[in-house]
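Chain by chain, the residues:
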Amino acid sequence: MIGVVYCVNDPAGRGIAEYLVRELNLHESSICKNATSCFEGEKAVLAGFTEEVVYFDYLDERLPSTTDFYLVLSRHSSESRIKSYTVHTTGNFSDTALLGGRPRELGIAYPSVKWFLLRVLNKLAVDFKRIEEYEVSYEATHHGPTNLSKPIVFIEIGSGVDEWRDPVNHALLGEAVKMLLDVYPTPLNCKPVIGIGGGHYPRRHTELALKHDVCYGHIASKHVLGYLDAEILRKMVQRTREQVLGIVVEKKGTKSTHRTLLEGFSRVEGLTLEYI
């Protein structure tokens with residue numbers, strides 16, 4: 001069972017959730033604990049809470065133990081005002097945790113699920129005639145929650161109120177979730193990797209995943225490379241549902257010290273290393 005969750009005060013998350021309730025004929029349930037809303041279907045439980053999604057540290061206690069992973073329906077804010085459909089994993093690389101979670105702690109990534117959602121979002125953006133207006137992208141790993149015992153994946157609408165309230169966007173992301181429910185838990189064949197470098201929207205990593213069977217777990221953007229060390233790299237590998245097989249590095253923006261660290265780590269751990 002997939003635990004689909006959202007903040008009831010978020011127009012994006014709430015809109016996607018309402019679409020799913022209608023389209024999947026979900027029925028009200030008492031299976032969730034301390035939830036504002038709770039619906040259940042054959043493959044999913046859908047729960048709404050009042051807290052902001054970055055503070056959903058309690059999901060292990062509030063959703064059924066049969067929940068396999070958490071899928072968070074959310075809005076995305078961007079100073080650049082880029083309209084977007086994004087997916088990402090949670091985690092804090094630095095010694096601070098400004099938006100939930102704990103310092104230097106990573107949530108559990110689910111590469112194949114993120115990869116599937118990224119690809120279907122791209123297809124749906126074409127089908128809905130939004131591909132010229134909206135960017136479909138991974139986001140680098142950021143914010144909380146980070147301490148959950150199961151994988152967590154965020155799927156988001158960016159980046160302002162007009163986009164968050166747009167019923168077309170609710171339908172588009174709702175259809176992506178429906179497509180995931182249709183195939184899950186059938187294994188999705190891809191090569192799980194961790195990503196290093198690139199911006200918050202790591203476009204070269206996204207392009208590689210859209211064109212090839214390479215699926216990303218954690219992605220450390222160029223903005224956090226100052227915190228990169230063997231301990232964090234090991235967490236990126238270990239805090240992943242599937243076995244990580246390689247590291248993909250956007251070479252531009254990485255220093256020789258980063259590359260030396262990555263080359264040594266990949267040799268010790270038996271991981272492939274690719275520069276893009």
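Values in this document were obtained by computation on a predicted structure and should not be read as measured data.

A. Structural detail: a nonpolar patch on the surface. On the surface, Tyr55, Leu98 and Leu99 cluster together into a nonpolar patch covering about 360 Å² of accessible area. With respect to the helices and strands, tyrosine 55 occurs in the loop between strand E4 (44-49) and helix H2 (59-62). Classification of tyrosine 55 as partly exposed rests on a relative accessible area of 42%.

B. How the structure looks around the state of the cysteines. Under the criterion given, the structure shown has two disulfides. There is a disulfide in this structure between cysteine 190 and cysteine 215, and the S-S distance comes to 2.2 Å. Measuring handedness by torsion sign, the sulfur bridge of cysteine 190 and cysteine 215 sits at about 80° and is right-handed. One end of the pair, cysteine 190, is in the loop between helix H5 (167-183) and strand E11 (191-196); the other, cysteine 215, is in strand E12 (residues 214-220), with 25 residues separating them in the sequence. Each member of the pair, cysteine 190 together with cysteine 215, is buried. If the cysteines joined by disulfides in the chain are listed in sequence order, their pairing comes out as 1-2, 3-4.

C. Spatial organisation of the pattern of salt bridges. Following the criterion strictly, the structure yields 17 salt bridges and no others. Here arginine 203 and glutamate 135 are joined by a salt bridge, their closest N and O atoms 2.7 Å apart. You can see arginine 203 sitting in helix H6 (residues 203-211) and its partner glutamate 135 sitting in strand E9 (residues 135-138), a full 68 residues away along the chain. Two residues, lysine 178 and glutamate 175, come together in a salt bridge whose shortest N-O distance is 3.2 Å. Taken as a pair, lysine 178 and glutamate 175 lie in helix H5 at a separation of three residues, close to a single helical turn. Classification of lysine 178 as buried rests on a relative accessible area of 18%.

D. Highlighting the nonpolar core. One finds Leu73, Leu117 and Tyr216 to be the most contacted residues of the largest nonpolar core, which totals 53 residues. Element by element, the count of residues in this core is highest for helix H3 (residues 111-127), at nine residues. For leucine 117, the residues in contact, after removing those within four places along its chain, are Leu71, Val87, Val153, Ile155, Ala176 and Leu180. Core analysis: the second largest hydrophobic core is formed by 18 residues, Leu225, Leu228, Val249 and Phe265 among them.

Cut-offs used in this document
- Residues numbered from 1 in each chain as written.
- Predicted model: local features only at pLDDT ≥ 70, side-chain atom pairs only at ≥ 80, totals over all residues.
- Heavy atoms only, no water.
- Patch = residues over 30% accessible without salt bridge, like charges linked within 9 Å, V, L, I, M, F, W, Y side chains within 5 Å.
- Areas by Shrake-Rupley, 256 points an atom, 1.4 Å probe, with all protein chains shown as cover.
- Salt bridge = Lys/Arg side-chain N within 4 Å of Asp/Glu carboxyl O.
- Helix = DSSP H or I, 4+ residues; strand = E, 2+ residues; numbered from the N terminus.
- Buried < 20%, exposed > 50% of the residue type's maximum accessible area, 1.4 Å probe, protein only.
- Disulfide = S-S within 2.5 Å.
- Core = buried A, V, L, I, M, F, W, Y, C linked by side-chain atoms within 4.5 Å.
- Contact = heavy atoms within 4.5 Å.

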